[in-house]
Every structure is written in structure tokens, then in C-alpha cells.
Amino acid sequence: MAKQYSFFEDVYEVVKLIPKGRATSYGLIANYLGTKLSARMVGWAMNAAHGLPDVPAHRVVNREGLLTGKVHFGSPTCMQELLEAEGLTVVKDKIQHFKEIVWDPMKELEN
């Protein structure tokens, strides 16, 4: 019998594809999964992902590039430190030049 995947697992599979040095938004993931209005559910999935070492949750931010999920990391600066270690610049909890580095799964994963 085939395994049924949950929405959270679908989100995690997309997040695992985000390359280092790039970031995406909750809404872009929701749109890719065909649930355009479910950005908040993607956020819930990310909140639940912090025990999963293979899911780079730090690469998922809000549509403006704000680190809205930073409170769910080990320290207040952990999310920023992870992004900066990948070459991104974060100022006042916002990824700089977000529009240039954003990873849109609809465009990046199209066949």
C-alpha cells in the first residue's frame, strides 16, 4: 500500500530543495503545493520542523523577507546566523535584496 503524505511532509519535501544562499516565503510554498491561501499552514509546518535536521527551516520567511519564524529557533539570533553563514545579509530581521535571491518553486521546479 502506498504511503499517504501529509501536508506538512509535502512542505518539508519542498523546503529540502531550497539551495543554500536562497530563501523562499510561506506563500510561495503554499502556491506551489496548490493551496495558494494556505501560507499560514506552511508556517505551522515550519514551526513543527525544528526537530528535523534535514529540513532547512531557516530558509523560509515571510513575503517581505522578514524572519518571522525566528522565535522558534534555539536563540533569537540563530535564524539570522544560519542565513548569514550561507552568504545572505540580514538587517533588522530582514533579508536584504530578498527579491533578487528569492527561490520560487513554481519557477525553479518547473519541467
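In short, a report on the structure. The structure displayed is predicted, hence computed values, not measured ones. (Residues numbered from 1 in each chain as written. Predicted model: local features only at pLDDT ≥ 70, side-chain atom pairs only at ≥ 80, totals over all residues. Heavy atoms only, no water.)

**Some details on the nonpolar core**
One broad rule of soluble globular proteins: the nonpolar side chains tend to lie buried together.
Moving on, step 1. Residues Val-11, Val-15, Val-42, Met-46 and Ile-95 are the most contacted members of the largest nonpolar core, which totals 28 residues.
Moving on, step 2. Elements that contribute at least two residues to this core include exactly helix H1 (7-15), helix H2 (26-32), helix H3 (39-47), strand S2 (60-61), helix H4 (78-85) and helix H5 (98-101).
Moving on, step 3. Here this core takes five residues from H1, the largest share from any one element.
Moving on, step 4. Ignoring sequence-local partners within four residues, the contact set of Val-15 consists of Ile-29, Met-46, Val-55, Pro-56, Ala-57 and Val-60. (Core = buried A, V, L, I, M, F, W, Y, C linked by side-chain atoms within 4.5 Å. Buried < 20%, exposed > 50% of the residue type's maximum accessible area, 1.4 Å probe, protein only. Helix = DSSP H or I, 4+ residues; strand = E, 2+ residues; numbered from the N terminus. Contact = heavy atoms within 4.5 Å.)

**With respect to H1**
Moving on, step 1. Among all positions of H1, only Phe-7, Val-11, Tyr-12, Val-14 and Val-15 are buried. Projected down its long axis, H1 carries its buried residues within an arc of 160°, all on one side.
Moving on, step 2. Packing partners of the buried residues in H1 comprise H2, H3, S2 and helix H6 (105-108). (Arc of directions from axis to C-beta.)

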